[in-house]
Structure formats: structure tokens, C-alpha cells
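# Results of the structural survey
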Amino acid sequence: RHERLADCVALVGRLTWRGRQFLPLTRRFTFALKGDVGYGAGYGSTDAMPFFENFYAGGPSTVRGFKANTLGPRETSVENDPVGGNLKITGGLELFAPPPIGGKFEKTVRLGIFLDFGNVWWTESTDLVAPTGFDLGELRYSSGLSAQWLSPVGALSLSVAYPLNAEPQDEEQIFQFSFGQNF
């Protein structure tokens, strides 16, 4: 069993870069930049990555305003389900400030305004997935407001986002929340 697993792992190559930078502007305002780029491909006798290695985008941790893991290529079957891709580009800009009420909330709550962007692509040609190829014009954008609270049991993030250039196949989700993300 272990030898077969090692053989499967050796058939795929993935390279990812993820970065996040916080820049204090004033005592009250902080500007944040984030980015995530990934590429993967099969090698040897395998042309594509296995489906469980695909990259996904959309949702609270990538492009808010779009339903989690729904951006990018879809099956060409009747279900038209998202399948992810072998190339991913996501990023965002956000301006944070403490709440205007001050007090103990000033250290545990932050409010933000953001612009997110991203998508995934299937760069190999196939009849099972559409679209294929890479086109930066397919980047999706969203903008909105966020609130984060460092609660006694972990970080809670809420966002209200508006997709700026959604296409008919995109699944929008205006209100999103997550629990346990970094504060």
C-alpha cells in the first residue's frame, strides 16, 4: 500500500506561493495585502493532476461574495459542477480600523473595507471541463465590508460582499462568515 501511494504522489507536481502583509498607516488604520498563486501539473506518463489536488477559489478565505470553491471551470455534464483547476490566482486589499465605540472592543474587534480578486483555470485541453486555457480577463472581483472579532473561543469573521463582475455560471453569496481564521 505504501509503495502505491508513493507512486501516486510522484505523478503530480504542485508549486504554491501565499503571502500576507500588514502595513500600519496610522495608530487606528492598517492596510493589508494578500496573495495566493498556485500551479500544478502531472508529469511522466500523467498529463493532469488528480482531481483531489485541484485548486479552488471563492468564499471567505479567497474571493468573498462568491460561494466557496465555485469559481472557475465546471464539468461539461448536466450537473455542471465546479471542478477546480491546476492554476490559481487570488488576492486582496483591505483597510482595517478598530470599531468607533472603543473600550475593550478596540483590542478584540476590527472593521474593514476590502477588494478581493481571483479565479482558477484548467490549462489543459479536454472535453470534460469548460472553459479551458488561461485568460486574466476571467478574474472575478468583489468589494465589501468585513468585521472580525477575537472571541473567547476563537476568531469569528463576517463579511458582506458584492461581486463586481459575476458571470451567469458564478454562484454568489453576499453574506459569509467563518470561524477560526487568523485575526
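The structure presented is a predicted model; accordingly, all values stated were derived computationally and were not measured.

## Notes on the confidence of the model for the protein chain
Within the protein chain, residue pLDDT values average 88, and 91% of them lie at 70 or more. No element of the protein chain has a lower mean pLDDT than helix α1 (residues 2-9), which averages 41, and none a higher one than strand β3 (residues 65-66), which averages 98. Confidence drops under a pLDDT of 50 for residues 1-10, and excluding neighbours within four residues, the segment shows 1 contact in the predicted structure.

## Some remarks on the environment of G154
The topology assignment puts G154 in strand β9 (residues 154-163). It is 7.0 Å that separates the C-alpha atoms of G154 and F179, two residues lying 25 residues apart in sequence. Those residues in contact with G154 that sit more than four places away from it in its chain are W149 and F179.

## Looking at the side chain of S151
With respect to the secondary-structure elements, S151 resides in strand β8 (residues 140-151). Using a relative accessible area of 10% as the deciding quantity, one classes S151 as buried. A polar contact of 2.5 Å, which involves the side chain of S151, links it to the backbone oxygen of G154.

## Thoughts on the nonpolar core
Nonpolar side chains in soluble globular proteins tend to end up buried together. By size, the foremost hydrophobic cluster in this structure holds 6 residues: F55, A57, V63, F66, L71 and V120. Those residues within four positions of F55 in sequence are excluded, and the remaining contacts are R14, L15, T16, G38, Y39, G40, G84, G85, N86, L87, K88 and V120.

## As for the packing of aromatic side chains
On inspection of all chains with the given rule, the structure shows 3 aromatic pairs. Measuring from ring centre to ring centre gives 6.4 Å for F117 and Y141, while their planes differ by 40°; the resulting arrangement is tilted. One end of the pair, F117, is in strand β6 (residues 109-121); the other, Y141, is in strand β8, and 24 residues separate them in sequence. In this structure F117 comes out as partly exposed when scored by relative accessible area, which is 25%. The positively charged end of R64 is found above the aromatic ring belonging to F114, 3.6 Å away from the centroid.

Reading guide: rules and limits
In this numbering scheme, every chain counts its residues from 1 along its sequence in written order. Selection of residues for local features in this predicted model requires a pLDDT of at least 70, selection of side-chain atom pairs for listing and counting requires 80 or more, and totals for whole chains, interfaces and linings are taken over all residues. Think of the side-chain values as coming from all heavy atoms in the structure, minus any hydrogens and water. Predictor confidence is given residue by residue as pLDDT, running from a minimum of 0 to a maximum of 100. Only runs of H or I of at least four residues qualify as helices and only runs of E of at least two qualify as strands under DSSP, and these elements are numbered from the N terminus. Contacts were defined at the residue level, with two residues in contact if any of their heavy atoms lie within 4.5 Å. Three labels apply to residues, based on accessible area from a 1.4 Å probe with only protein chains included: buried if under 20% of the type maximum, exposed if over 50%, partly exposed otherwise in between. In protein, a polar contact means a hydrogen-donor-capable atom and an acceptor-capable atom, both N or O and within 3.5 Å, with residues adjacent in sequence counting only if both atoms are side-chain atoms; elsewhere, any N or O pair within 3.5 Å suffices. The set of buried Ala, Val, Leu, Ile, Met, Phe, Trp, Tyr and Cys residues whose side-chain atoms join them within 4.5 Å is what this entry labels a nonpolar core. Between rings of Phe, Tyr and Trp, where Trp is taken as its six-membered ring, a pair exists when centres lie within 6.5 Å; planes separated by under 30 degrees are stacked, by over 60 edge-to-face, and by other angles tilted. Remark: a charge is flagged as sitting over a ring if the NZ atom of Lys or the CZ atom of Arg is within 6 Å of the ring centre and within 35 degrees of the ring normal.

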